[in-house]
Amino acid sequence: MSRFATIDVGSNSVLLLVAERTPEGRFEAVRERAEITRLGRGVDATRKLSTEGMEATLQVLESFAREARELGAQGIAVSATSAARDAENGAEFLAAAKARADVAVEIISGAMEAELSYAAVHADFAADAAGPLLVLDIGGGSTEFIYGNRGGHVDFRHSFDVGAVRMTERFVRSDPMTPEDRASVEAHLRDTFRALPAPPPGAALVGVAGTVTTLYAVRHAIQPYVAERVHGGTLSLGELSALTHRLCTLPLEQRRALPGMQPKRADVIPAGALILLEAVRALKLEACRVSDRGLRWGLLAHRFGAGATSS
């Protein structure tokens, strides 16, 4: 069976997927890894990728590309999202990635990011969905909303410049955040999400990426993280509200120690939880399903699936 790899370079983390393509055309994971490198640190204020963020990300990118090749990947597709899109020196990062990891990083648009995340969710959740699927992809720098229809096609997609890192840097001044900090984040999110159209009747929401999976892991104290225990789970609005309040009121060191928490994500998880909570409220829904398979899975099918070229 053929093996291929995708690497998703986000504003907060870098994710690796190495998978085999079966004779039937399905993909089965061989290895998945994630490292938080905070490429997007400071981008909201400076519009530039920091030296520290680029170096940390390049080191992980080198390691992941080497690991993928050692596992026999015949092709590696690498995407970069919000931070690289927004930064004035994004080209510098792309050149360094090519020189050090021998990979071509494609900076994808918010629209393409939404399409790939939706494709990954539809593949896993469409069969048991009673109605259309909505996908929410919370990143470090941006959050994507994608509305699908019953036929599995995207009817609406939009990328908002609100992410866990961006909201933390812009609004949070204390640890734990003060009621005033929280009110500022909430006000900005509510104003931002007011632009969302009403979801189609009977729609179900599925959240992807590290904020959502971490919240579910913390809610159920899943330590160490096991993807199979997270993927397909559900966070109710009540659970999410209580968990968000807890995370917003705990000091950083106590958040880091919570079972299920990635310690490097603990500083931005309160803002991430607020994004998810306000999104669910804006959509007037009662729950969010959880997907452990996000953009990297959609990119895999897009680049290496049936009918795709693997160049």
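Note that this is a predicted model, so its numbers are computed, not measured.

Caption draft 1: A look at the packing of aromatic side chains. With the rule as written, the count across this model stands at five aromatic pairs. Aromatic pair F145 and F160: ring centres 5.6 Å apart, planes at 85 degrees, arrangement edge-to-face. With F145 in strand β7 (residues 143–148) and F160 in strand β8 (residues 154–160), the pair connects residues that are 15 residues apart, well separated along the chain. Like F145, the residue F160 is buried in the burial classification. Aromatic side chains F160 and F193 sit 5.8 Å apart centroid to centroid with 70 degrees between the ring planes, which places their arrangement in the edge-to-face category. Separated by 33 residues along the polypeptide, F160 in strand β8 and F193 in helix α7 (residues 179–193) bring together distant segments of the chain. Taking relative accessible area as the criterion, F160 reaches 7% and is therefore assigned buried. Grouped by ring-pair contacts, the aromatic residues F145, F160 and F193 constitute a single cluster.

Caption draft 2: Broad picture of the pairing of strand β9 (residues 204–208). A large share of β9 lies buried, amounting to four of its five residues. Bridge count for strand β6 (residues 133–138) against β9 is five bridges, and the pairing is parallel. Pairing of D137 across the sheet is with V208, part of β9. Sheet topology note: the β9/strand β11 (residues 287–290) ladder contains two bridges and is parallel. The residue bridging V206 from the neighbouring strand is R289, located in β11.

Caption draft 3: Spatial organisation of the side chain of T213. Note that T213 resides in helix α8 (residues 210–219). Note on T213: relative accessible area 8%, which makes it buried. Looking at T213, its side chain comes within polar contact range of the main-chain oxygen of G210, at 3.3 Å. Those residues within four positions of T213 in sequence are excluded, and the remaining contacts are Y225, V230, V290, S291 and D292.

Caption draft 4: Looking closely at the domain arrangement of the chain. Looking at the assigned domains, one finds that the chain contains domain 1 (2–107) and domain 2 (111–290). Put simply, the middle of domain 1 and the middle of domain 2, counted by C-alpha atoms, are 22 Å apart. Regarding the contact of domain 1 and domain 2, the summed buried area is about 1,200 Å², with carbon and sulfur atoms giving 39% of it. On the domain 1 side of the interface with domain 2, the three residues burying the most area are I36, R38 and D44, jointly 45% of the side's total. Where domain 1 packs against domain 2, one counts one salt bridge.

Caption draft 5: The nonpolar core, seen in detail. Grouped together as the largest cluster of nonpolar side chains are 48 residues, with contacts concentrated most on F145, F193, L215 and L276. With nine residues, helix α12 (residues 269–282) is the single largest residue contributor to this core. In this structure, L215 is in contact with L235, L240, L243, L247, I269, A273 and L276, ignoring residues within four places of it in sequence. Within the second largest apolar cluster, 30 residues are counted, among which are L61, A83, A87 and A97.

Caption draft 6: Spatial organisation of the sheet that holds β9. One open sheet accounts for six strands, arranged β8-β7-β6-β9-β11-β10; its pairing is mixed. Each of the sheet's edge strands pairs with one partner strand only, and the pair in question is β8 and β10 (234–236). When the angles between neighbouring strand axes are averaged without regard to direction, this sheet yields 20 degrees. The sheet contacts of helix α5 (residues 110–125) involve β6, β7, β8, β9 and β11, and relative to β6 the element is tilted by about 125 degrees.

Caption draft 7: Representation of the pattern of salt bridges within the structure. Inspection of the entire model under this criterion finds 21 salt bridges. A salt bridge links E32 to R296, with the nearest nitrogen and oxygen atoms 2.8 Å apart. Here E32 is found in strand β3 (residues 27–36), whereas its partner R296 is found in helix α13 (residues 295–304), with 264 residues between them in sequence. Of the residues examined, E32 reaches a relative accessible area of 33% and is grouped as partly exposed. Overall, R296 belongs to the buried group, its relative accessible area being 8%. Ionic pairing is found between R293 and D124, a salt bridge with its closest N-O pair at 4.0 Å. Within this pair, whereas R293 is found in the loop between β11 and α13, its partner D124 is found in helix α5, the two being separated by 169 residues in sequence. Here the residues in one salt-bridge network are R31, R33, E35 and E67, joined through shared partners.

Here is what the cut-offs are and how they apply
Residues numbered from 1 in each chain as written. Predicted model: local features only at pLDDT ≥ 70, side-chain atom pairs only at ≥ 80, totals over all residues. Heavy atoms only, no water. Phe/Tyr/Trp six-rings, centres within 6.5 Å; stacked < 30°, edge-to-face > 60°. Helix = DSSP H or I, 4+ residues; strand = E, 2+ residues; numbered from the N terminus. Buried < 20%, exposed > 50% of the residue type's maximum accessible area, 1.4 Å probe, protein only. Pairing = 2+ DSSP bridges. Polar contact = N/O pair within 3.5 Å; in protein donor to acceptor, adjacent residues only side chain to side chain. Contact = heavy atoms within 4.5 Å. Domains from an automatic or database assignment. Buried area = accessible area lost by both parts, 1.4 Å probe. Salt bridge = Lys/Arg side-chain N within 4 Å of Asp/Glu carboxyl O. Core = buried A, V, L, I, M, F, W, Y, C linked by side-chain atoms within 4.5 Å. Axes fitted to C-alpha atoms, helices over the stretch in contact; angles between N-to-C directions.

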